[in-house]
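Notes for the structure review
One letter stands for each residue in the lines below.
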Amino acid sequence: MDTETMQIHHGKHHAGYVRKLNTALDGMDLTGKTLNNMLATLGEGDTAIRNNGGGHYNHSLFWSILTPQTGMQPNDKLGGAIAETFGSLEDFKTLFLNTAKTRFGSGWGWLSVGADGKLFVSSTPNQDNPLMTNLVEQNGTPILGVDVWEHAYYLRYQNLRGDYLSNFWNIINWEEVGKRYLAAVAKVG
Ligand code: MN3
């Protein structure tokens, strides 16, 4: 991944979601509300928060699970759960990257923890994510996500989403994903 793409992605695109989210929230009563529970209860018509709240959440997660250190591996707990659910880390990689690669148009690929505490792979369009109970087929807590909007890779990879995804795989911060996994599993009890 290259510096220019990341600077534009973070400084322009992500900042734009935050600015528009603030506009959408202006004047609302936010007592006791978090971004997570707002996203969980969104309906079809809540476009501004869906796009910009989703955009903010998704990009915050995305930056947190990237690392300059290459070749990290999942810890034992997460690695074990991945092997149990998907067969092996290699099988998971194939499914996850292929799910992200074949997302039609703009969107995200996800690894999430469902209400049953089990891992699942999905993809969502635009800035939707698996927290959005009323708007997604499979609902859960995302622990790993990859942005497959063209703005995430176009400068360096042009239309080569697959090359971008292979590069992405090498710079996943598995320590952070592992922490998110444990927190998500603890939450569903
Ligand atoms: Mn993006």
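Below you will find a few notes about this structure. On a predicted model such as this, the values are computed, not experimentally measured, just so you know.

So, about the coordination of the manganese ion. Coordination of the manganese ion by the protein involves His9 (NE2), His59 (NE2), Asp147 (OD) and His151 (NE2), with metal-donor separations of 1.9 to 2.1 Å. Each donor residue of the manganese ion belongs to the same chain, with the gaps between them written as H-x49-H-x87-D-x3-H. By relative accessible area, which is 0% here, Asp147 ends up buried.

A separate point is the pairing of strand β2 (residues 119-125). The element β2 is largely enclosed, with a buried count of 5 among its 7 residues. Pairing of strand β1 (residues 107-114) with β2 involves 7 bridges; the strand directions are antiparallel. Following the sheet pairing, Gly109 is matched in β2 by Ser123.

The next subject is the packing of helix α4 (residues 76-86) against helix α8 (residues 174-188). Put simply, α4 and α8 touch, their axes get as near as 9 Å, and they point 75 degrees apart. Looking at the two axes, α4 sits roughly perpendicular to α8. Contact with α4, carried on its side by Lys77, Leu78, Ala81 and Ile82, involves Trp174, Val177, Gly178, Tyr181 and Leu182 of α8 and no other residues of that element. In terms of residue class, the contact of α4 with α8 is built from 7 nonpolar, 1 polar and 1 charged.

Criteria and thresholds
- Residues numbered from 1 in each chain as written.
- Predicted model: local features only at pLDDT ≥ 70, side-chain atom pairs only at ≥ 80, totals over all residues.
- Heavy atoms only, no water.
- Donors = N, O, S within 2.8 Å, 3.2 Å for Na, K, Ca; no water.
- Buried < 20%, exposed > 50% of the residue type's maximum accessible area, 1.4 Å probe, protein only.
- Helix = DSSP H or I, 4+ residues; strand = E, 2+ residues; numbered from the N terminus.
- Pairing = 2+ DSSP bridges.
- Axes fitted to C-alpha atoms, helices over the stretch in contact; angles between N-to-C directions.
- Parallel < 35°, antiparallel > 145°, perpendicular 65-115°, else oblique.
- Contact = heavy atoms within 4.5 Å.
- Nonpolar A, V, L, I, M, F, W, Y, C, P; charged D, E, K, R; others polar.

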